[in-house]
Amino acid sequence: MSRHPEVKWAQRADKVFITVQLPDAKNAKVNLEPEGVFTFSASAGAEDHLYELKLDLFDKVNVEESKINIGVRTIFCILEKAENGWWKKLLRGDGKAPHNIKVDWDKWVDEDEETGPGADLDLGGMDFSKFGDMGGMGGMGGMGGMDMGGMGMGDDAMGDDFADSDDEDQEVSKPDYDKLEEGAKAGHDAAKSEGDAPEEKKEAAPSK
């Protein structure tokens, strides 16, 4: 049985931000239909549990102009609305939103604050791919089985950094105490010598 990942969303008059929170997702597949159907599937966790998601969005979207970024911990999508205007909620229908869908307060602004400071979203140099450039079936902008390893974002890409970190920790945890004692003794002698130097110069200086 598949599980449902946590989803956060926010919006502007012309776009919707959707963030699927699923660390270390593998074989992530995302599809978007013009009618506003958003689907996601991926495996994650030590046992490669299957996570699936289907969202019937409040209104239609522009697939060609919508973008996606697959990161190590999240899948971030910017969906362009087919028509500008604020949605009352993320999903169509009268039912209550599922418990795994929450408002992304970090990205949210109210409708009357959209033109004010802070309305522009800082994307932090993210690299995006367009849904329309990914191919897919039946006019759907599918990810085509793209996985994070192919984007240099998988476990292999981070392996070297983790290995270096482990080596550094190991070196720090095993200091050479003999060298430390010798260094401390030498430093003490040097300090004593430097402390004596001004007195010798004072005695050698001629009196006025």
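Residues numbered from 1 in each chain as written. Predicted model: local features only at pLDDT ≥ 70, side-chain atom pairs only at ≥ 80, totals over all residues. Heavy atoms only, no water.

Please give an account of the packing of aromatic side chains that cites residues and values.
The final tally for this structure, using the stated rule, is five aromatic pairs. Between Phe17 and Phe76 the ring centres are 6.1 Å apart and the planes differ by 25°, which places this aromatic pair in the stacked class. Taken together, the residues Phe17 in strand 2 (residues 15-21) and Phe76 in strand 7 (residues 74-81) connect sequence positions 59 residues apart. With relative accessibility at 4%, the residue Phe17 sits in the buried group. Here the aromatic cluster, defined as three or more aromatic residues joined through ring pairs, consists of Trp9, Trp86, Trp105 and Trp108. (Phe/Tyr/Trp six-rings, centres within 6.5 Å; stacked < 30°, edge-to-face > 60°. Helix = DSSP H or I, 4+ residues; strand = E, 2+ residues; numbered from the N terminus. Buried < 20%, exposed > 50% of the residue type's maximum accessible area, 1.4 Å probe, protein only.)

Tell me about the sheet that holds strand 3 (residues 26-32), and please be specific about residues and values.
Either a parallel or an antiparallel arrangement is found when strands of a sheet pair, and the pairing is made through backbone hydrogen bonds. The three strands are arranged 3-4-5 in an open sheet whose pairing can be described as antiparallel. Edge positions in the sheet fall to strand 3 and strand 5 (49-56), since each of these pairs with one other strand and no more. Here the strands of the sheet are splayed against their neighbours by 5° on average, with no regard to which way each runs. (Pairing = 2+ DSSP bridges. Axes fitted to C-alpha atoms, helices over the stretch in contact; angles between N-to-C directions.)

Provide a residue-level description of the pairing of strand 3, including the pertinent values.
It is a general feature of regular strands that their side chains alternate between the two faces of the sheet. One ladder, built from five bridges, connects strand 3 with strand 4 (residues 37-44); its direction is antiparallel. Note on strand 4: the bridge partner recorded for Asn31 is Thr39.

Describe in detail the environment of Ser2, supporting the description with residues and values.
In this structure, Ser2 sits in the segment before strand 1 (6-11). Within polar-contact distance, the side chain of Ser2 engages the side chain of Glu52 at 3.1 Å. (Polar contact = N/O pair within 3.5 Å; in protein donor to acceptor, adjacent residues only side chain to side chain.)

Got a sec to walk through the side chain of Asn100? Specific residues and values, please.
Along the chain, Asn100 turns up in the loop between strand 7 and strand 8 (101-103). Side-chain polar atoms of Asn100 contact the backbone oxygen of Pro5, separated by 2.9 Å. Excluding residues that lie within four positions of it along the chain, Asn100 makes contacts with His4, Pro5, Glu6, Val7 and Leu53. (Contact = heavy atoms within 4.5 Å.)

Can you break down the confidence of the model for the protein chain residue by residue, with the values?
Across the protein chain, pLDDT averages 73, with 57% of residues at or above 70. Contacts from residues 135-175, a stretch scored under 50 in pLDDT, to residues over four places away or in other chains number 46 contacts. (pLDDT = per-residue confidence, 0-100.)

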